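# Structural overview
So the chains spell out like this:
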Amino acid sequence: MTINDGLELLFTAGATIRKTTGLVVDVNFLLLAIGGFHLLCALVLYWRSGENRLKTFLRWRSFSADVVLVAREAVEYIIQHAKANNPDSSLKTVEEFIELTGKKVIHVGPEKGQLLDSIVKRVNPQVVMEMGAYFGYSAVRMARLLRKPGAKVFTAEKEPRCFEAAGDFIKFCGMEDRVSVFLGPAEDLIGQFHSKTEQDHVDLVFIDHWKPMYLPDLKVLERSGLLRPGTVLVADNIVYPGVPDYLEHVTNSPLYTTTLHPFQTRDSHAGDIVSHDAVAVSVYNGSG
């Protein structure tokens, strides 16, 4: 049906109402009434068929606000209780903060952190890119293990309050010369990487930002020319909360050789449910 057909039906409906009831009905009123009715029906159907999705969305909004506030609280606690210019002391104090307060900190954590440590040591990168700084935990964790002169972590954080917390955390750890944090989405950092960093490639990429952006940002990275054969990409939360499109891409594409490292995650916000998760480690093979 075309727009003209639809308008003709509306005029016909208005004429029928006028003929049978004597009422004059404006077409605009009919459009608003029909549109409002359809919207109401859609909301009711969505609620009935996807009530859990709506509840999940509301919990996510609350969770997102919480983790931003917790980032600042964690950094303030670290500054008060850890040793300045001592990354290991600060990383350990993060876990003390979690144990003391019971609050949710969405960092890579000590268990997955050990895997990340081993990858950094093995790759021995000159240039590291991180998507999603949060308050700087993983950036500092990687930076403290860099051995090459001038080696550096470049990380992007979209949330301004987390960006500020990351700057304070990185400075307190004494890692300002090894970590640069940029305010904005990962896509912007990728697109402006050469102009911002004077680097033309990346050796290691750590992906731990908004899950729906894993694959889109990876494809931007593939088109950027920053990847070279042997570049290692590490992606967290592949199974929980889960990033199936990213996993399918790095598993099936000839561009990558991918290994999954399983972990168990205990979520105190979900009643201490133990969830199975995995970290995907992919080696870029080149475009052929």
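What comes next concerns the included structure. (Residues numbered from 1 in each chain as written. Predicted model: local features only at pLDDT ≥ 70, side-chain atom pairs only at ≥ 80, totals over all residues. Heavy atoms only, no water.)

Each aromatic ring pair is summarised here by two numbers: the centre-to-centre distance and the angle between the ring planes. For the structure on display, the rule yields eight aromatic pairs. Taken together, a centroid distance of 6.5 Å and an interplanar angle of 70° make the contact between F135 and Y137 edge-to-face. Members of the aromatic cluster, connected to one another through ring pairs, are Y134, F135, Y137 and F169. (Phe/Tyr/Trp six-rings, centres within 6.5 Å; stacked < 30°, edge-to-face > 60°.)

A few words on the nonpolar core. In this structure, Y134, F135, M142, V153, F169, L204 and V234 are the most contacted members of the largest nonpolar core, which totals 48 residues. With eight residues, the single largest contributor to this core is helix 2 (residues 27-81). F193, V243, Y246 and Y256 belong to the second largest nonpolar core, which has 30 residues in total. (Core = buried A, V, L, I, M, F, W, Y, C linked by side-chain atoms within 4.5 Å. Buried < 20%, exposed > 50% of the residue type's maximum accessible area, 1.4 Å probe, protein only. Helix = DSSP H or I, 4+ residues; strand = E, 2+ residues; numbered from the N terminus.)

Attention now moves to the side chain of S180. Counting through the fold element by element, S180 comes out in strand 3 (residues 179-183). A residue is classified by how much of its surface remains accessible, and S180, at 17% relative accessible area, is buried. Sequence-distant contacts of S180, that is, excluding residues within four places in its chain, are made with K152, V153, F154 and T155. (Contact = heavy atoms within 4.5 Å.)

Consecutive side chains of a regular strand alternate in pointing toward one face of the sheet and then the other. In terms of burial, strand 3 is a largely internal element, four of the five residues being buried. Pairing of strand 2 (residues 152-157) with strand 3, which is carried by five bridges, proceeds in the parallel orientation. Residue pairing across strands places V153 opposite V179, the latter belonging to strand 3. Crossover strand 2 to strand 3 through helix 6 (residues 160-172) is right-handed. (Pairing = 2+ DSSP bridges. Right-handed = clockwise from strand over helix to strand, strands pointing away.)

Turning to the environment of E176, a few remarks are in order. For E176, the location among the structural elements is in the loop between helix 6 and strand 3. When sequence neighbours within four positions are dropped, the list of residues in contact with E176 reads K152, I170 and K171.

Two numbers describe how helix 9 (residues 214-224) lies on helix 11 (residues 244-252): the axes approach to 8 Å, and their chain directions differ by 40°. As judged from the angle between their axes, helix 9 and helix 11 are oblique. Here helix 9 contributes Y214, L215, L218, K219 and E222 to the contact with helix 11, which in turn contributes D245, Y246, H249 and V250. By residue class, the composition of the contact of helix 9 with helix 11 is five nonpolar, one polar and three charged. (Axes fitted to C-alpha atoms, helices over the stretch in contact; angles between N-to-C directions. Parallel < 35°, antiparallel > 145°, perpendicular 65-115°, else oblique. Nonpolar A, V, L, I, M, F, W, Y, C, P; charged D, E, K, R; others polar.)

Turning our attention to the side chain of S90. Its location among the elements puts S90 in helix 3 (residues 87-101). When near neighbours in sequence (up to four residues on either side) are disregarded, S90 contacts I78, A82, K83, F169, F172 and C173.

What follows covers the environment of I238. For I238, the location among the structural elements is in helix 10 (residues 238-242). In this structure I238 comes out as buried when scored by relative accessible area, which is 3%. With 22 residues separating them along the chain, I238 and L260 place their C-alpha atoms 8.7 Å apart. For I238, the contacting residues outside a window of four places in its chain are Y214, V243, Y246, L247, L260, D277, A278, V279 and A280.

Each α-helix turn comprises 3.6 residues. Residues three or four places apart therefore point the same way. Helix length check: helix 6, at 13 residues, gives a terminal C-alpha distance of 18 Å against a target of 18 Å (1.5 Å per residue), a fit within 8%. C162, A165, A166, F169, I170 and F172 are the residues of helix 6 that are buried. Down the axis of helix 6, the smallest arc covering the buried residues is 155°, so these residues share one side. Of the residues that open helix 6, the one with a side-chain oxygen 2.6 Å from the backbone nitrogen of R161 is E159. Phi turns positive, to about 75°, at G174, one or two residues after helix 6. (Expected span 1.5 Å × (residues − 1). Arc of directions from axis to C-beta. Polar contact = N/O pair within 3.5 Å; in protein donor to acceptor, adjacent residues only side chain to side chain.)

Bear in mind that shape data such as this cannot, by itself, settle questions of function.
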